[in-house]
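Structural characterization, general
Spelled out, the chains give:
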Amino acid sequence: MIKVSPSILSADFVNLERDIRRVSDADYLHVDVMDGAFVPNLTIGVPVVQSIRRCTDMFLDVHLMIEKPVRYIEAFAKAGADLLSIHLEADHPTRIAQALKVMGECGVKKAVALRPITKAEAILPYLEELDLVLVMTVEPGFGGQAFMESQLDTIRQVRALIERYNPACELEVDGGISPKTAPLVVEAGAEGLAAGDWVRLGLVGGREAAVVEEEREAEASGCRSGARLAEEALLLALADASGAASVRGAACPASSCGR
Ligand code: DX5
Ligand code: ZN
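With that settled, the discussion passes to the pairing of strand S3 (residues 59-65). Counting buried residues in S3 gives six out of seven residues, a clear majority hidden from the surface. Bridge count between strand S2 (residues 28-34) and S3: seven bridges; the pairing is parallel. Bridging from a neighbouring strand, His-30 pairs with Asp-61 of S3. In this fold, S2 hands off to helix H2 (residues 46-55), which returns the chain to S3; that crossover is right-handed. Bridge count for S3 against strand S4 (residues 83-87) is four bridges, and the pairing is parallel.

Before going further, it helps to spend a moment on the environment of Met-103. Within the fold, Met-103 resides in helix H4 (residues 93-106). Looking at Met-103, the relative accessible area reads 0%, which means it is buried. Separated by 26 residues in the primary sequence, Met-103 and Ala-77 place their C-alpha atoms 7.5 Å from one another. In contact with Met-103, other than residues within four places in its own chain, are Ile-73, Leu-84, Ile-86, Val-108, Lys-109, Lys-110 and Ala-111.

Conventions we followed
- Residues numbered from 1 in each chain as written.
- Chains lettered and ligands numbered in written order.
- Predicted model: local features only at pLDDT ≥ 70, side-chain atom pairs only at ≥ 80, totals over all residues.
- Heavy atoms only, no water.
- Buried < 20%, exposed > 50% of the residue type's maximum accessible area, 1.4 Å probe, protein only.
- Helix = DSSP H or I, 4+ residues; strand = E, 2+ residues; numbered from the N terminus.
- Pairing = 2+ DSSP bridges.
- Right-handed = clockwise from strand over helix to strand, strands pointing away.
- Contact = heavy atoms within 4.5 Å.

The structure is reproduced here in structure tokens:
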């Protein structure tokens, strides 16, 4: 089953609760934490995750793009993360192992993330205890970047390792996901799709202004449809390309919405 994890990086942070509500039908909520050191960008920290937890029951898929993540595992777990992804490049392997141990003690799901430069085999020392592997299909740090097709090989290799050593582990990809690239990553073995820009645009042929207008109308008529529409567009693209997903159709009851 394909899981979609909209990224709050593409949300309007002043209207975060509204934007989270718009994607509440998705499987996970992808929360990008950046420290300005591991990546050249700053986003949010523990207090914002705490606030998000208070406003939604969604599964919080928290992607930590921070140096020495072991320092913050307990704090993010207490703040309400359901799953924490730490980057293999962010610390020495012994402290990566330590961070995963703390996740286990805190009762959060364990994931490691790979920058594009990192080889699939780097997950091997940890794979048997992981719940998810996150393969980056852009250089981490910013939303809206172009998908790196060269990462399809890494996805295939990670899929092969997962099948061999821990078939229950999920494989999520992150970066440049759209209806065009989603079928490629699913065909390569991904089942989780973190997506920022594509959800924000509503993905109706990039007609951003039109989508924003439609969202306004839809919101006024009580239809939560912007990201929903985007999710359906992706699921449709997936279904067309690989038969891998089924579309959960939901017609909007509001006549002005027309969906
Ligand atoms: C990038 C982040 C991504 C980002 C993806 O470093 O980890 O989660 O939100 O955004 P898009 O889908 O726009 O590439
Ligand atoms: Zn991310």
